[in-house]
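The residues making up each chain are set out below.
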Amino acid sequence: MRHSEREFVSGETIYVWGKPYDLQVEYSGQADNFLLDGEKAILTVHKESTAKQRENYVNEVLRKYLKDEINRLLPVWEQKTGLQCKRWVVKYMKTRWGTYSGTTGTVSFNLQLARKPVECLEYIVVHELGHIMHHNHGKGFIAYNGYISA
Ligand SMILES: [Zn+2]
């Protein structure tokens, strides 16, 4: 049986950028901390913290990782495609990796992308930028993808 990742206790596996880490939970009365060290992800929390509180903290850290990567990748692809989004946000989504709203000019990235290989994020960056020009997945969009990956 697989452990649910929800418990946030030592021995679980946590994925960051597609790589599995052995979660090691340590207790401290000080501020929470999360750090990747070789094969280990060391999460320092208050002993009496709930699984939900630990999850929230880890998500906060993953959000920062994801934002840093978006800040690195987005300008590169905006330059390559000549397309620019007005703004972007990171949020938890259940069924989509990313979305683009033509109304507000906003790209939304799924927080869960920080758990997947960074290539997935890069794919979503390129895909959603394409929607600035092409609102559906029709011929224009397919041509854009062909042009970009050539
Ligand atoms: Zn799409």
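See the structure printed just above.
Please read all numbers here as calculations on a predicted model, not as lab measurements.

A.B. asks: Would you mind going over helix 2 (residues 118-133) with me for this structure?
C.D. replies: Since the α-helix advances by 3.6 residues per turn, residues separated by three or four positions end up pointing in the same direction. Here helix 2 spans 24 Å end to end across 16 residues, near enough to the 22 Å set by a 1.5 Å rise per residue. Among the residues of helix 2, those classed as buried are Leu121, Ile124, Val125, Val126, His127, Glu128, Leu129, Gly130 and His131. Those residues of helix 2 hidden inside the fold are in contact with helix 1 (51-81), strand 6 (98-101), strand 7 (106-110) and helix 3 (139-149).

A.B. asks: How should I be thinking about the coordination of the zinc ion in this particular structure?
C.D. replies: When four donors bind a metal tetrahedrally, each ideal donor-metal-donor angle is 109.5 degrees, and when six bind octahedrally, the ideal angles are 90 or 180 degrees. Within the protein, His127 (NE2), His131 (NE2) and His137 (NE2) serve as the donor atoms for the zinc ion, at 2.0 to 2.1 Å. Mapping the donors of the zinc ion onto the primary sequence yields the spacing H-x3-H-x5-H.

A.B. asks: I would appreciate a short explanation of the nonpolar core in the present structure.
C.D. replies: Generally speaking, a soluble globular protein has its nonpolar side chains buried in company with each other. Core analysis: the largest hydrophobic core is formed by 35 residues, its most contacted members being Ile14, Phe34, Leu43, Phe109 and Leu121. Within the residue set of this core, elements represented by two or more residues are strand 1 (13-16), strand 2 (19-27), strand 4 (40-45), helix 1, strand 7, helix 2 and helix 3. The element contributing the most residues to this core is helix 1, with 9 residues. Excluding its chain neighbours within four sequence positions, the residues that come into contact with Phe109 are Ile70, Trp88, Val89, Val90, Lys91, Met93, Trp97, Leu121, Ile124 and Val125.

Definitions and cut-offs
Residues numbered from 1 in each chain as written. Predicted model: local features only at pLDDT ≥ 70, side-chain atom pairs only at ≥ 80, totals over all residues. Heavy atoms only, no water. Helix = DSSP H or I, 4+ residues; strand = E, 2+ residues; numbered from the N terminus. Expected span 1.5 Å × (residues − 1). Buried < 20%, exposed > 50% of the residue type's maximum accessible area, 1.4 Å probe, protein only. Contact = heavy atoms within 4.5 Å. Donors = N, O, S within 2.8 Å, 3.2 Å for Na, K, Ca; no water. Core = buried A, V, L, I, M, F, W, Y, C linked by side-chain atoms within 4.5 Å.

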